[in-house]
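The residues making up each chain are set out below.
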Amino acid sequence: MAFTLHCRFVGTGVLIVMKKVLFAHDHTFQYKNQSYYSYGSYPEIYWNRYLKFADHVEVLARKELNEDPEAGGYIFSFMKSGNGSVDITPVPPPSIANRLGMASGDFFKTIKDAVDGSDYIVARLPSEIGFLAALYANKTAKPVAIELVGCAYDAYKYRGGLQGALYAPISKWKTKRVCKSADAILYVSKKLKEDYPSDSHSYVIASNVVIDKVDCISDIKRRIGNRLGGRIVFGLIGSYFVDYKGVDVAIKSIALLRKSRIDVVLRVLGEGDKGKYLKIALENGVGDAVYFDGLLPAGEPVKEWLRKCDYYMQPSRTEGMPRGLLEAMAVGLPAVGSRAGGIPDVLDKEKLHDVGDSEGLAMKISNLLEGDYECQVLKALEVSSFYLHEKIDERRADFFKKFFGEACETN
């Protein structure tokens, strides 16, 4: 790997090596008053995983003005400072030529200039920005680490529409291409490692989900004991503006269960237009059993919402490692889910249904309801404890230490 590090002299005359990391992804950051906000994925603490090994992180992403981001559930990510530890370079939308892998136009020039000015490239995939940054970095012998957080094929196939379906195989081919030649690669699930192999011997499987703690079993028992019975509440976290979270599958499964006289309701937490799913609920006769609770800030508000549920479902059509599922299990909710992405890493096979199969989901829910609830709670807590942040952070830190080298002296 050939690259040039930035350097500076300190007062003693000692030369200190300065490392600049470029983080490339399609994420859209909300912007107001020199500050950038993110919906859950990039809290301020997130950037420490790179700043431990570098002086500066440049973020290649999309930027969108927002009058009141916090009201929409967004959290502070970093502040624009000119010479601060983290800054953003907004990237214009890609053209059709760019999506087909062609290096042209303002989209490519923005990425090229950022790669040329950086020492290390971290490309989060699947994403158009991440792909082109990784591809150009490979051609210029810049060291590249891939963070693969989802299946590129599924991400487009289940977005809906003919364009997504046609582009899905192209996206998968592009992603496999840069994964194969990456210097290092982080997978968030075992399934992704199987589907997107790499020639690199430097890899790790580390979920991108951060679980701060798991609830205490005594608190969960007290919570259960305070309930007066009645309807069985299933929770599902998933935005309404995408199809791949399987909200429609969940609603149809609820309808099937209620036809069997199982008094179960579904609460959905997410952002977007609920109209489409409300229509599906009404068409299936469960308009009074499906509730759309809107959006909540990440962290404790979401946990409190989950604690009001009895069970959780994750009927996704595609996933990396589902944050909502692990957060639900961390508060003691037994769960079922599809076989998509990293879900089988978390749930036993008897709790998994085929993608898009509402009848299969209804059957798995029925079986779950017949099981010993306390044993299921203990199992959920046991599994989620493997995803506690200190365990994941240790594996991730070892991975980045090998990629970046020893921690930067200035940090």
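Each remark here, short or long, concerns the structure printed above.
Small disclaimer: the values here were computed from a predicted structure and weren't measured. (Residues numbered from 1 in each chain as written. Predicted model: local features only at pLDDT ≥ 70, side-chain atom pairs only at ≥ 80, totals over all residues. Heavy atoms only, no water.)

A. Broad picture of the overall build of the chain. Along the chain, the regular secondary structure elements total 16 helices and 17 strands. Its C-alpha atoms give the chain principal-axis dimensions of roughly 75 × 50 × 45 Å. Residues classed as buried in the chain amount to 52% of the 411 residues present. Taking the intrachain contacts of the chain between residues at least 6 apart in sequence as the baseline, contacts between residues at least 24 apart amount to 71%. Carbon and sulfur atoms form 53% of the exposed surface of the chain, whose accessible area is close to 18500 Å². (Helix = DSSP H or I, 4+ residues; strand = E, 2+ residues; numbered from the N terminus. Buried < 20%, exposed > 50% of the residue type's maximum accessible area, 1.4 Å probe, protein only. Contact = heavy atoms within 4.5 Å. Areas by Shrake-Rupley, 256 points an atom, 1.4 Å probe, with all protein chains shown as cover.)

B. Structural context of the pairing of strand 12 (residues 232–237). Taken across its 6 residues, strand 12 has 5 buried, putting it largely inside the fold. Note: strand 12 against strand 13 (residues 264–269), 6 bridges, orientation parallel. Residue pairing across strands places Leu 236 opposite Val 268, the latter belonging to strand 13. Each parallel crossover has a hand, and for strand 12 linked through helix 9 (residues 247–259) to strand 13 it is right-handed. Bridge analysis of strand 12 against strand 15 (residues 311–314) gives 2 bridges, and the strand direction is parallel. (Pairing = 2+ DSSP bridges. Right-handed = clockwise from strand over helix to strand, strands pointing away.)

C. Region of the structure containing a nonpolar patch on the surface. A contiguous nonpolar surface patch, about 390 Å² in accessible area, is contributed by Ile 96, Leu 100, Met 102 and Ile 170. Along the chain, Leu 100 turns up in the loop between helix 2 (96–99) and helix 3 (105–116). (Patch = residues over 30% accessible without salt bridge, like charges linked within 9 Å, V, L, I, M, F, W, Y side chains within 5 Å. Salt bridge = Lys/Arg side-chain N within 4 Å of Asp/Glu carboxyl O.)

D. Structural context of the packing of aromatic side chains. Inspection of the entire model under this criterion finds 28 aromatic pairs. Measuring from centroid to centroid gives 5.5 Å for Tyr 120 and Phe 403, while their planes differ by 70°, and the two rings are edge-to-face. Of this pair, Tyr 120 sits in strand 8 (residues 120–125) while Phe 403 sits in helix 16 (residues 389–404), and the two are 283 residues apart along the sequence. Residue Tyr 120 is classed as buried on the basis of its relative accessible area of 5%. Taking relative accessible area as the criterion, Phe 403 reaches 9% and is therefore assigned buried. Cation over ring: Arg 99 sits above Tyr 167, and NZ or CZ is 5.9 Å from the ring centre. Its guanidinium or amino end placed over the ring of Tyr 203, Lys 193 lies 4.5 Å from that ring's centre, counting from NZ or CZ. (Phe/Tyr/Trp six-rings, centres within 6.5 Å; stacked < 30°, edge-to-face > 60°. Lys NZ or Arg CZ within 6 Å of the ring centre and 35° of its normal.)

E. Representation of unusual backbone geometry. The omega angle of the peptide bond from Leu 125 to Pro 126 is 5°, so this bond is cis rather than trans. Tracing the sequence through the fold places Pro 126 in the loop between strand 8 and helix 4 (128–139). In this structure, Gln 34 takes a positive phi of about 65° despite not being glycine. Residue classification places Gln 34 among the partly exposed positions, given a relative accessible area of 40%. The residue Arg 261 is not glycine, and still its phi comes out positive at about 65°.

F. Broad picture of the nonpolar core. In terms of nonpolar packing, the biggest core is built from 123 residues, with Trp 47, Val 59, Ile 146, Ile 251, Leu 266 and Met 313 touching the most fellow members. If you tally residues by element for this core, the top one is helix 4, at 8 residues. Excluding anything up to four places from it in sequence, Ile 251 contacts Leu 266, Tyr 277, Ile 280, Ala 281, Val 286, Val 290 and Phe 292. (Core = buried A, V, L, I, M, F, W, Y, C linked by side-chain atoms within 4.5 Å.)

G. Quick peek at helix 4. Between its terminal C-alpha atoms helix 4 stretches 17 Å, which fits the 16 Å expected from 12 residues at 1.5 Å a residue. Turning to helix 4, its buried residues number three or more, namely Glu 128, Ile 129, Gly 130, Phe 131, Leu 132, Ala 133, Ala 134, Leu 135, Tyr 136 and Ala 137. The distance from a side-chain oxygen at the start of helix 4 to the backbone nitrogen of Gly 130 is 2.9 Å, and the residue carrying that oxygen is Ser 127. (Expected span 1.5 Å × (residues − 1). Polar contact = N/O pair within 3.5 Å; in protein donor to acceptor, adjacent residues only side chain to side chain.)

H. Looking closely at the environment of Leu 368. Within the secondary structure layout, Leu 368 lies in helix 14 (residues 358–370). For the pair formed by Leu 368 and Val 336, sequence separation is 32 residues and the distance between their alpha carbons is 7.8 Å.

I. Highlighting the packing of helix 12 (residues 323–330) against helix 15 (residues 373–385). In the contact formed by helix 12 and helix 15, the axes pass within 7 Å of each other and the chain directions differ by 125°. Classified by the angle between their axes, helix 12 and helix 15 sit oblique to one another. Here the hand of the crossing between helix 12 and helix 15 comes out left-handed. The residues of helix 15 that touch helix 12, namely those facing Leu 326, Met 329 and Ala 330, are Ala 380, Leu 381, Val 383 and Ser 384. The class makeup of the residues in the contact of helix 12 with helix 15 is 6 nonpolar, 1 polar and no charged. (Axes fitted to C-alpha atoms, helices over the stretch in contact; angles between N-to-C directions. Parallel < 35°, antiparallel > 145°, perpendicular 65-115°, else oblique. Left-handed = near helix turned anticlockwise from the far one by under 90°. Nonpolar A, V, L, I, M, F, W, Y, C, P; charged D, E, K, R; others polar.)

J. Molecular detail of the side chain of Gln 376. Inspection of the secondary structure puts Gln 376 in helix 15. Looking at Gln 376, the relative accessible area reads 10%, which means it is buried. Ignoring sequence-local partners within four residues, the contact set of Gln 376 consists of Tyr 311, Pro 334, Leu 368 and Gly 371.

Purely geometric stuff here, so don't read any function into it on its own.
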